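# An overview of the molecular structure
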Amino acid sequence: MMPRLLVTSLLVLGLAACGSTSDPAQTSTPPSSDLGSVKKDDALAALLPPEIASAGTLKVGSNIQNPPNNFYDQDGKTPMGSEVDLIKAIAAKLGLKAEHSDMAFSSLITSLETGRVDVTMAAMNDTAERQQKIDFVDYFTSGITIMVQKGNPQGVKSPDDLCGKGIAVNLGSSQEQFGKEQSEKCKAAGKPEVTLSVTDSDTGNQNQLRTGRVAAILNDLPTAVYVAKTAGDGQYFEVVPLAPINGGPYGIGVAKKNAKLSEAIKGALQSLIDDGTYEKIVTTWDIKQGAITKATVNGK
């Protein structure tokens, strides 16, 4: 469905043990949104904190290993993806340039709270628990999806089928929390618990699934669909056909002390929705099923 996709280092499962970070056989060009028409909105830019406006850059913390949301181009250096396009467009609307910092998912909120970055954007779910620490400008709706080996040899058709099996999840993610909750549910029903493999590496998680060390990977809908369609030309994995589990919004994280920045980003996002740029981005990356029509802060 998505033309000219790049199989990134996340999908180079057979070479990961050798430390390879790219696929030498991959020569196709990934999609890219045309953002040239996005112009600065002076009224929205006036909402920016003075230090960000004067710097001219929006420092973005991300965990750049999560296609189609965010990943590296073939040069291994240039961030790209639906989130990268969207935050670039938001920054342009505010008269800024987006500057990405790649870091572990588990360190994103701390980096925001300490001022290392201005915002976070890494397919992070806006949850009530996280709202205790930071604010979110919601930009997409997703949920947890179960990805299994092609052909589903272990017959995983629902979360209850994970009892007694191993699953791979990312550290500090909503998937990790759900895996723990599902394990408790299994034990309460008198079934074997779920064994969690918790890592900071999508590549490692996919290696575990391909080699049978785990029965499934829990991931967000866009990532799971992308990986299933592109890894091994679609021959390695498949997504269990279920409605997204614990569906909810992705949010751009902003420190609570930067309420003006939240409002500026919210306004820029709504402007991009209204002028069609947002739709262009989600269409380019084949994720229209999670598109929103109204920008909100903490769901309001």
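Please read all numbers here as calculations on a predicted model, not as lab measurements.

This brings us to unusual backbone geometry. Backbone torsion omega between Pro67 and Pro68 reads 5 degrees, so that peptide bond is classified as cis. In this fold, Pro68 is placed in the loop between strand 1 (57-62) and strand 2 (71-72). Within the chain, Asn246 stands out as a residue other than glycine whose phi angle is a positive 50 degrees. Relative to the elements of secondary structure, Asn246 occurs in strand 11 (residues 245-255). For Asp286, which is not a glycine, the phi torsion comes out positive at approximately 60 degrees. Looking at the secondary structure, you find Asp286 in the loop between helix 10 (277-284) and strand 12 (296-297). Using a relative accessible area of 22% as the deciding quantity, one classes Asp286 as partly exposed.

With that settled, the discussion passes to the side chain of Asp126. With respect to the helices and strands, the residue Asp126 is situated in the loop between strand 5 (119-120) and helix 5 (128-131). One buried charged side chain, Asp126, makes no salt bridge at all; its nearest oppositely charged neighbour is Arg130, positioned 7.9 Å away. Ignoring any residue separated from it by four or fewer positions in sequence, one finds Asp126 in contact with Gln131, Phe136, Asp138, Pro249, Gly251, Asn298 and Gly299.

Bringing the packing of aromatic side chains into the picture now. Tallied over the entire structure, the rule returns 5 aromatic pairs. Ring geometry for Phe71 and Tyr226: centres 5.9 Å apart, planes at 45 degrees, overall tilted. With Phe71 in strand 2 and Tyr226 in helix 8 (residues 221-230), this pair connects stretches of sequence that are 155 residues apart. Neither residue differs from the other here; Phe71 and Tyr226 are each classed as buried.

Each disulfide consists of a covalent bond between the sulfur atoms of two cysteine residues. Here the structure, examined in full by the defined rule, presents 1 disulfide. The side chain of Cys163 participates in a disulfide bridge whose partner is Cys186; the two sulfur atoms lie 2.0 Å from each other. Its S-S torsion of approximately -85 degrees makes the covalent link between Cys163 and Cys186 left-handed. One end of the pair, Cys163, is in the loop between strand 6 (134-149) and strand 7 (166-170); the other, Cys186, is in helix 6 (residues 174-188), with 23 residues separating them in the sequence. By relative accessible area, Cys163 is classed as buried at 12%. Residue Cys186 is classed as buried on the basis of its relative accessible area, which comes to 1%.

Turning next to helix 7 (residues 202-210). Residues spaced three or four apart along an α-helix face the same direction, because each turn holds 3.6 residues. Of all the 9 residues making up helix 7, 7 are buried; the element is thus mostly covered by neighbouring parts of the structure. Looking only at helix 7, the buried set comprises Asp202, Thr203, Asn205, Gln206, Asn207, Gln208 and Leu209. Those residues of helix 7 hidden inside the fold are in contact with strand 6, strand 7, strand 8 (195-199), strand 9 (216-220), helix 8 and strand 10 (237-239). Its side-chain oxygen placed 3.4 Å from the backbone nitrogen of Thr203, Ser201 serves as the N-cap of helix 7.

A separate point is the confidence of the model for the protein chain. Here the protein chain averages 89 in pLDDT, while 89% of its residues score no lower than 70. Taken together, the stretch residues 1-29 has pLDDT below 50 and engages in 67 contacts with residues farther than four places along the chain or on a different chain.

About the thresholds
Residues numbered from 1 in each chain as written. Predicted model: local features only at pLDDT ≥ 70, side-chain atom pairs only at ≥ 80, totals over all residues. Heavy atoms only, no water. Helix = DSSP H or I, 4+ residues; strand = E, 2+ residues; numbered from the N terminus. Buried < 20%, exposed > 50% of the residue type's maximum accessible area, 1.4 Å probe, protein only. Lys, Arg positive; Asp, Glu negative; His and termini not counted. Salt bridge = Lys/Arg side-chain N within 4 Å of Asp/Glu carboxyl O. Contact = heavy atoms within 4.5 Å. Phe/Tyr/Trp six-rings, centres within 6.5 Å; stacked < 30°, edge-to-face > 60°. Disulfide = S-S within 2.5 Å. Polar contact = N/O pair within 3.5 Å; in protein donor to acceptor, adjacent residues only side chain to side chain. pLDDT = per-residue confidence, 0-100.

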